Amino acid sequence: MGEPRRLLAVADDFGIGPGTSRGILDLARMGRLGGTLLLVNSPHAAEAVAHWRAAGKPVELGWHPNLT
């Protein structure tokens, strides 16, 4: 039958707002996410990164470019 398949879930728009960022971190702590992408030009991005660090960096953090 082969090896079991795995699904890696990555959450988009980390930092878009406090509620979304909190939800992403909650899912990360539960082991439901493998990573998230920071919306770097959001006014909430710095706060989201601070919470990510305080949470012990529970998932990989990538960069989400937003050109608009």
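Up top you'll find the structure we're talking about.
Residues numbered from 1 in each chain as written. Predicted model: local features only at pLDDT ≥ 70, side-chain atom pairs only at ≥ 80, totals over all residues. Heavy atoms only, no water.

**Student:** What exactly am I supposed to notice about the overall build of the protein chain here?
**Tutor:** Within the protein chain one finds two helices and three strands. Overall, the protein chain shows an N-to-C arrangement of helices and strands of β-α-β-α-β. Oriented by its inertia axes, the alpha-carbon framework of the protein chain measures out at about 50 × 30 × 15 Å. Among the 68 residues that make up the protein chain, the fraction classed as buried is 29%. When contacts within the protein chain are restricted to residue pairs at least 6 apart in sequence, long-range pairs at least 24 apart make up 67% of them. As displayed, the protein chain offers around 4,900 Å² of accessible surface, 56% of which is attributable to carbon and sulfur atoms. Looking at charge distribution, the protein chain has the averaged site of its 7 positive side-chain charges lying 5 Å from that of its 6 negative ones. (Helix = DSSP H or I, 4+ residues; strand = E, 2+ residues; numbered from the N terminus. Buried < 20%, exposed > 50% of the residue type's maximum accessible area, 1.4 Å probe, protein only. Contact = heavy atoms within 4.5 Å. Areas by Shrake-Rupley, 256 points an atom, 1.4 Å probe, with all protein chains shown as cover. Lys, Arg positive; Asp, Glu negative; His and termini not counted. Charge placed at Lys NZ, Arg CZ, Asp CG, Glu CD.)

**Student:** Can you help me understand the environment of Leu 39 in this one?
**Tutor:** Along the chain, Leu 39 turns up in strand β2 (residues 35–39). Residue Leu 39 is classed as buried on the basis of its relative accessible area, which comes to 8%. C-alpha of Leu 39 to C-alpha of Lys 57: the two residues are 18 residues apart in sequence and 17 Å apart in space. Those residues in contact with Leu 39, other than ones at most four positions away along the chain, are Asp 13, Phe 14, Ile 16, Ala 45, His 64 and Asn 66.

**Student:** Even after reading the chapter, I still don't get the nonpolar core, so can you show me in this structure?
**Tutor:** Generally speaking, soluble globular proteins have nonpolar side chains that are buried together. Counting residues in each nonpolar core, the largest one holds 12 residues, listed as Ala 11, Phe 14, Ile 24, Leu 25, Ala 28, Leu 33, Leu 38, Ala 45, Ala 48, Val 49, Trp 52 and Val 59. When contributions to this core are tallied by element, the ones reaching two or more residues are β1 (10–14), α1 (18–29) and α2 (45–54). It is α2 that provides the largest number of residues to this core, a total of four residues. Leave out the neighbours within four places in its chain, and Val 59 touches Ala 28, Leu 33, Gly 34, Gly 35, Thr 36 and Trp 52. (Core = buried A, V, L, I, M, F, W, Y, C linked by side-chain atoms within 4.5 Å.)

**Student:** What am I meant to see in the environment of Gly 15 here?
**Tutor:** Mapped onto the secondary structure, Gly 15 falls in the loop between β1 and α1. Between the alpha carbons of Gly 15 and Ala 45 there is a distance of 4.4 Å; along the sequence they are 30 residues apart. Apart from the residues within four sequence positions on either side, Gly 15 is in contact with Ser 21, Leu 38, Ser 42, His 44, Ala 45 and Ala 48.

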